[in-house]
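# What the coordinates show
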Amino acid sequence: MSWNKFYVTQASLMVLSSTANTLSTKWADHLHAESSDGQVRSFSHPFVQACSSFFGEFLCLLLYKASHSCRHLQAKKKIGEEEENVVNFNPLIFIIPAVCDMVGTSLMYIGLNLTYASSYQMLRGAVIVFVALLSVAFLGREVSKKEWLGIFFTIIGLTTVGLSNHFLKSSSMVDLDSNSIITGDLLIVLATMIRAIEMVYEEKFCVSKDIPPLQAVGWEGAFGFMILSTLMFPMSYVKVGPPFSNNAQSVLEDFPDAIVQMRNNKLIVLALAGAVVSTSLSNYAGVYIMKHLTSTTRMVLETIPTLFVWLSSICLGWQTFHPLQILGFALVVLGMCLYNNITSGFCQFRCS
């Protein structure tokens, strides 16, 4: 497999857009604006942010439809060229993974609001642990000794990342105590459990139908956006206290208050728009890499944004440096490499 300039461009797009997605979301959390009650508050609307993420995934469906239409027109112009086979399936099969994605993404954004951006990015690596366990239970998959070793290193790395949060002090997050940070970390780990259920369901019921990945992402985004948008109405009547609520009405989600804050601070709109665009671009580039290169390549590239998010958070003053995070990051990457058998491929590449 040779890397040409276009492959490098797609890989760079995936890494940069994934980094921008986390940073845009965390940036919105740090922005302040006048709320509907006249008080200046930080933008604490994780479900609105989750909706923006789903809208970005929905754009992937529009992108797929546009590219499919272009290929259809080109096939008509070229005599003798076969048109792309259209996969017939019921889009409703994506409702269950969309619900899992909705709950998981919402919990992740709540957790991100309570903890550090770099910890959020690293703790997402816990998904391989839960995917492996669920695959054994529901897919009858056998996990090799090397994969169990990878899971072990991942767990140790995630524990190290969690411990490092107790020693981090950031001037921009002085309002968060250790209990809030622990809660945020636990919510992110819980979210990865739900995302693992989503992945196992997709492997069992969706992969066998050979549905184009970009189309699958788009349908999940469409269902997730519609369901979560509908649920935000009853959420406005559910009273919750801090640290889960920092809006004018002290409810689970206050969409009118989010609109007021976005109107009073246009940078919030810019941050949400960045999250939408980066979600679309990262999914598009990720699907392209997986289709034309390998899924392992995509997994390797998905670890790189963790480093960029960590360095960016330090440069932006969102957190301070602590060596434990380097150790935790290294252990998580080692665990992911062992689990995905990347070390063997690297050795073969060096020997060839």
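Scroll up to find the structure this text is about.
Structure report, in brief. Only a predicted model underlies this, so the values are computations on that prediction, with no experimental measurement involved.

## Concerning the side chain of Thr22
On the secondary structure map, Thr22 appears in helix α1 (residues 5-30). Within polar-contact distance, the side chain of Thr22 engages the side chain of Gln121 at 2.6 Å. Not counting residues within four places of it along the chain, the set of residues in contact with Thr22 comprises Leu112, Ala117, Tyr120, Gln121, Arg124 and Val309.

## Looking at the side chain of Ser313
With respect to the helices and strands, the residue Ser313 is situated in helix α11 (residues 295-315). Once residues lying within four places of it in the same chain are set aside, the contact partners of Ser313 are Ala117, Ser118, Trp318 and Gln319.

## Some thoughts on the packing of aromatic side chains
Inspection of every chain in the model, using the stated rule, returns six aromatic pairs. Seen from their ring centres, Phe55 and Phe225 are 5.8 Å apart, and the 55 degrees between their planes marks the pair as tilted. A residue pair is termed long-range when its members are at least 10 positions apart, and Phe55 in helix α2 (residues 46-77) and Phe225 in helix α8 (residues 213-235) qualify at 170 residues. The exposure class assigned to Phe225 is partly exposed, which follows from its relative accessible area of 31%. Look at Phe89 and Phe94: their rings are 5.9 Å apart centre to centre, the planes differ by 85 degrees, and that puts the pair in the edge-to-face class. Residue Phe89 is classed as buried on the basis of its relative accessible area of 17%. These aromatic residues form a ring-pair network of at least three members: Phe55, Phe58 and Phe225.

## Let's talk about the environment of Lys26
Relative to the helices and strands, Lys26 resides in helix α1. Separated by 292 residues in sequence, Lys26 and Trp318 have C-alpha atoms that sit 9.3 Å apart.

Definitions and cut-offs
Residues numbered from 1 in each chain as written. Predicted model: local features only at pLDDT ≥ 70, side-chain atom pairs only at ≥ 80, totals over all residues. Heavy atoms only, no water. Helix = DSSP H or I, 4+ residues; strand = E, 2+ residues; numbered from the N terminus. Polar contact = N/O pair within 3.5 Å; in protein donor to acceptor, adjacent residues only side chain to side chain. Contact = heavy atoms within 4.5 Å. Phe/Tyr/Trp six-rings, centres within 6.5 Å; stacked < 30°, edge-to-face > 60°. Buried < 20%, exposed > 50% of the residue type's maximum accessible area, 1.4 Å probe, protein only.

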